[in-house]
Amino acid sequence: MERIADAPLLTLSGVRKRFGAVRALTDVSLEIRAGEVVALVGESGAGKSALVKVIAGVEPADSGTVRWRGSPVRIVRPQDASRLGIAAVYQDLALCGNLDVVGNMYLGHELGTVLALDEVEMGRRTRALLLRLSTGLPDLRAPVASLPGSQRQLIAIARALLGEPALLLLDEPTAGLGVGQAHRFLDLVEELREQGLGMLLISRNLGDVKAVADHVAVLRHGCNNGFFDVHNTSEEQIISSMTGATENAVTQRHADDLEEELP
């Protein structure tokens, strides 16, 4: 695939998505660059989860343009996203509590053969990757269900990084974490950004957003309703955009379209 110099990692333009009669996304645009954290915020039902599913290939867009490093691409399956270099960590983490850390890291991607798995190499790679992310290693042979939330979060992210993605999607990563655990996670986000990873952070916690994001993209009623530089924007401005106290033309156009569709 042709790579355009200095192009963003991911560019979305005019993305639309329906689920039956429900219009989840309308003309959504978004841009994420390498080494940048973009926070995606909005009230419940704003379209955040739908947009993540589109990017991850879980639910392909009905229309719109998706560009990867400046070149148009089609993402219609999770494999398409993975092949480009996009990985997602969802809120439920999708870990198997009865398996140990190594088993979770390589579930479905085991090294070796059906008759003889390479447990030593999988353990070595797991340890090396976790050390890249944190100085505090969990017991690699402990059942994941026995580990604290921050370590389970670390394992889910490490598993996503196995394929060396360029873009990481994080869905409510600090939900359910204690204050100390959340702070350690935000430190990890900072470290990943310094390593050049692009990240889309979905969060309801504006404190977390202000702490680590470079930009904030606001969705309202499935439309863009603001894109802000975090360092020059107050929480009050972001909340106003989320709640509709300030509306951009895209959101208003969406509301006008809805009125036209009413009988």
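Going by the structure above, here's the rest.
The residue numbers shown here count from 1 along each chain, following its written sequence. Local features in this predicted model are restricted to residues whose pLDDT is 70 or higher, and side-chain atom pairs enter the listing and the counts only when it is 80 or higher, whereas totals over whole chains, interfaces and linings include all residues. With hydrogens and water excluded, all non-hydrogen atoms of the structure serve as input to the side-chain values.

For the purposes of this entry, the term helix denotes a DSSP run of H or I that reaches at least four residues, the term strand denotes a run of E that reaches at least two, and both are numbered from the N terminus. As for its placement among the helices and strands, Gly 123 is situated in helix 4 (residues 119-133). Sequence spacing of Gly 123 and Asn 104 is 19 residues, and the spatial spacing of their C-alpha atoms is 11 Å.

Of all the 5 residues making up strand 8 (residues 198-202), 5 are buried; the element is thus mostly covered by neighbouring parts of the structure. Here strand 8 shows two buried faces, one formed by Gly 198, Leu 200 and Ile 202 and the other by Met 199 and Leu 201. For two strands to pair, DSSP has to find at least two bridges joining them. As defined by bridge partners, strand 3 (residues 37-41) adjoins strand 8 across 4 bridges and the pair is classed as parallel. If you follow Leu 40 over to strand 8, its bridge partner there is Ile 202. Pairing of strand 7 (residues 167-171) with strand 8, which is carried by 5 bridges, proceeds in the parallel orientation. Bridge pairing in strand 8 places Leu 170 opposite Leu 201. For the handedness criterion, the β-α-β arrangement of strand 7, helix 6 (residues 179-194) and strand 8 is classed as right-handed. Using a 1.4 Å probe on the protein chains alone, a residue whose accessible area is under 20% of its type maximum counts as buried, one over 50% counts as exposed, and one in between counts as partly exposed. Seen with the strands pointing away from the viewer, any crossover whose path from the first strand over the helix to the second strand runs clockwise is right-handed.

Here we come to the pairing of strand 4 (residues 63-68). Here strand 1 (residues 10-19) pairs with strand 4 via 5 bridges, running antiparallel. Paired with Arg 16 across the bridge in strand 4 is Ser 63. Here strand 4 pairs with strand 5 (residues 71-73) via 3 bridges, running antiparallel. Paired with Trp 68 across the two strands is Ser 71, which belongs to strand 5. Between strand 4 and strand 5, which pair antiparallel and follow one another directly, the connecting turn spans 2 residues, one of which, Arg 69, has a positive phi of 55°.

Counting 48 residues, the largest nonpolar core has Ile 157, Leu 168, Leu 170 and Leu 192 as the members making the most contacts within it. No other element matches helix 5 (residues 149-161), which puts 7 residues into this core. Contacts were defined at the residue level, with two residues in contact if any of their heavy atoms lie within 4.5 Å. Apart from residues no more than four positions distant in its own chain, Leu 192 is found in contact with Leu 133, Ile 157, Leu 161, Leu 168, Leu 197 and Met 199. For the purposes of this section, nonpolar cores are sets of buried Ala, Val, Leu, Ile, Met, Phe, Trp, Tyr and Cys residues that join through side-chain atoms within 4.5 Å. Core analysis: the next-biggest nonpolar cluster, separate from the first, contains 32 residues, Val 15, Val 54, Trp 68 and Ala 81 among them.

The next thing to look at is the packing of aromatic side chains. Two rings from Phe, Tyr or Trp (for Trp, the six-membered ring) form a pair when their centres sit within 6.5 Å of each other. Planes less than 30 degrees apart are called stacked, planes more than 60 degrees apart edge-to-face, and all others tilted. What the rule picks out here adds up to 0 aromatic pairs. For a lysine, the NZ atom is tested; for an arginine, the CZ atom; a charge sits over a ring if that atom is within 6 Å of the ring centre and within 35 degrees of the ring normal. Over the aromatic face of Phe 19 sits the side chain of Lys 17, whose NZ or CZ is 5.3 Å from the ring centroid.

Lines fitted to the C-alpha atoms define the axes, with helices restricted to the stretch that makes contact. Angles between their N-to-C directions range from 0 to 180 degrees. In contact at an axis separation of 10 Å, helix 4 and helix 5 are set at 115° when each is read in the N-to-C sense. One finds that helix 4 runs roughly perpendicular with respect to helix 5. Where helix 4 crosses over helix 5, the handedness of that crossing is right-handed. Across the interface between the two elements, Leu 129, Leu 130 and Leu 133 of helix 4 pack against Leu 154, Ile 157, Ala 158 and Leu 161 of helix 5. For this classification, Asp, Glu, Lys and Arg are treated as charged, while Ala, Val, Leu, Ile, Met, Phe, Trp, Tyr, Cys and Pro are nonpolar and the rest, including Gly, are polar. Partitioned by chemical class, the residues of the contact of helix 4 with helix 5 number 7 nonpolar, no polar and no charged. The cut-offs work like this: below 35 degrees is roughly parallel, past 145 is roughly antiparallel, 65 to 115 is roughly perpendicular, and the gaps in between are oblique. Left-handed describes a crossing in which the near helix is turned anticlockwise from the far one by less than a right angle; the clockwise case is right-handed.

Moving on, we get to helix 6. The periodicity of an α-helix, 3.6 residues per turn, causes residues three or four places apart in sequence to face the same way. When the terminal C-alpha atoms of helix 6 are compared, their 23 Å separation across 16 residues agrees well with the 22 Å that a helix rising 1.5 Å per residue should span. If you check which residues of helix 6 are buried, you get Gln 181, Ala 182, Phe 185, Leu 186, Leu 188, Val 189, Leu 192 and Arg 193. Viewed along the axis of helix 6, the buried residues span an arc of 155°, placing them on a single side of the element. Opposite its buried face, helix 6 presents the exposed residues Val 179, Arg 184 and Glu 194, each directed more than 90 degrees away. Looking at the packing, one finds that the buried side of helix 6 touches strand 3, helix 4, helix 5, strand 7, strand 8 and helix 7 (206-212). Following helix 6 by one or two positions, Gly 196 adopts a phi angle in the positive range, close to 95°. Expected helix span is taken as 1.5 Å per residue step, with the number of steps being one fewer than the number of residues. To obtain the arc, one takes the directions from the helix axis to the C-beta atoms.

With that settled, consider unusual backbone geometry. With a phi angle near 45°, Glu 172 is a residue other than glycine that sits in the positive phi range. Looking at the secondary structure, you find Glu 172 in the loop between strand 7 and helix 6. Using a relative accessible area of 9% as the deciding quantity, one classes Glu 172 as buried. Phi angles above zero are rare outside glycine, and His 221 is one such case at about 55°. Considering the arrangement of structural elements, one finds His 221 in the loop between strand 9 (215-220) and strand 10 (223-229).

Here helix 4 is 15 residues long and its end C-alpha atoms lie 21 Å apart, about the 21 Å a rise of 1.5 Å per residue gives. Along helix 4, the positions that sit buried rather than exposed are Glu 121, Met 122, Gly 123, Thr 126, Leu 129, Leu 130 and Leu 133. Turning to helix 4, the residues buried within the fold contact helix 3 (101-105), helix 5 and helix 6.

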